[in-house]
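Tertiary structure, described
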Amino acid sequence: RYRDDEWARDKGHAMIESLMRFINFDDFSWNLNEFDRGGRPRLSDPTTSHGRLMEALVWFYEATHDSLALDLLSRLAEYHLQNTTSPDGIFNPVSGAHHSHSYLGTLRGLLLFGELTGQRIYVDRVAITYQNTVRTMIKKSGFMPHDIGTDQRGETTSPGDVAQLALWLGTRHGYGEFLDDAERIVRARIIPSQITESPLLRPLCSETDDRCRNLNDRILG
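Residues numbered from 1 in each chain as written. Predicted model: local features only at pLDDT ≥ 70, side-chain atom pairs only at ≥ 80, totals over all residues. Heavy atoms only, no water.

1. Details of the packing of aromatic side chains
In total, this model carries 6 aromatic pairs according to the counting rule given. A centroid spacing of 4.9 Å and a plane angle of 85° characterise the contact between F113 and Y122, whose relative ring orientation is edge-to-face. In this structure Y122 comes out as buried when scored by relative accessible area, which is 6%. Between the aromatic rings of Y175 and F178, the centroid separation amounts to 5.6 Å while the plane-to-plane angle is 10°, which identifies the pairing as stacked. Here Y175 falls in the buried class, since its relative accessible area comes to 19%. Through pairs of rings, three or more aromatic residues link up here, namely F25, F28 and Y79. (Phe/Tyr/Trp six-rings, centres within 6.5 Å; stacked < 30°, edge-to-face > 60°. Buried < 20%, exposed > 50% of the residue type's maximum accessible area, 1.4 Å probe, protein only.)

Okay, structure coming up:
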């Protein structure tokens with residue numbers, strides 16, 4: 001409805017101009033002195049702070065053909081190809097990635113960037129990362145923890161990310177062996193999570209523990 005709205009395009013461009021100032025492209029940290037008002041970005045996880053931004057930049061560029069969006073996108077994609085992923089597809093522990101949803105959003109952004117620019121290296125890097133890392137992070141049941149390297153606080157956004165990656169890699173790029181993953185996750189995790197009522201759950205830990213707070217509300221789709 002608003003895809004050709006001039007005001008929206010201008011606001012999006014202005015936001016990208018701000019990001020170009022905020023990001024220190026020497027090490028892809030944040031120029032904190034540029035944040036003269038408002039909050040501060042989370043610094044510890046590059047996938048949380050700007051890795052998952054790539055997907056939105058792809059969509060913005062496709063809608064507007066804004067060259068500045070492609071410039072920022074290209075810089076972020078190159079950084080995350082080199083620092084968040086590895087050529088053998090094994091999780092890079094020094095990348096700083098710890099939030100599952102942001103890490104997987106970064107992989108989706110890299111895949112979409114590879115498709116947008118025709119650079120197969122990005123597609124293949126995501127595929128081998130899916131094979132050697134993502135498949136080890138999610139259980140057969142579709143359970144996936146909120147934080148990488150833990151076995152607690154399961155949620156459904158990350159399994160949804162995995163199913164999306166498997167579907168795109170399988171239908172667009174010939175990795176048909178991943179399609180069974182997509183179907184299993186949707187059947188075992190995504191569809192069952194859409195419940196609107198549940199028997200009362202009795203957590204084994206205190207309601208003051210973040211893992212158990214509002215447990216009955218959080219289980220509902």
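2. Considerations on the layout of surface pockets
Vacant regions in the atomic arrangement are exposed by a probe of water-molecule size rolled over the atoms. Here the second largest pocket defines a volume of roughly 320 Å³. Around the second largest pocket, the lining is made up of 17 residues, and of these A8, G12, A56, F60 and T64 lie nearest the centre. At 8 residues, the largest contribution of residues to the lining of the second largest pocket is made by helix α1 (residues 6-22). (1 Å grid on protein atoms, 1.4 Å probe; cavity = no way out; pocket = protein on both sides within 12 Å on 5 of 7 lines; lining within 4 Å. Points joined across faces, edges and corners; volume = space filled by probe spheres on them. Helix = DSSP H or I, 4+ residues; strand = E, 2+ residues; numbered from the N terminus.)

Worth remembering: the numbers are spatial, not functional.
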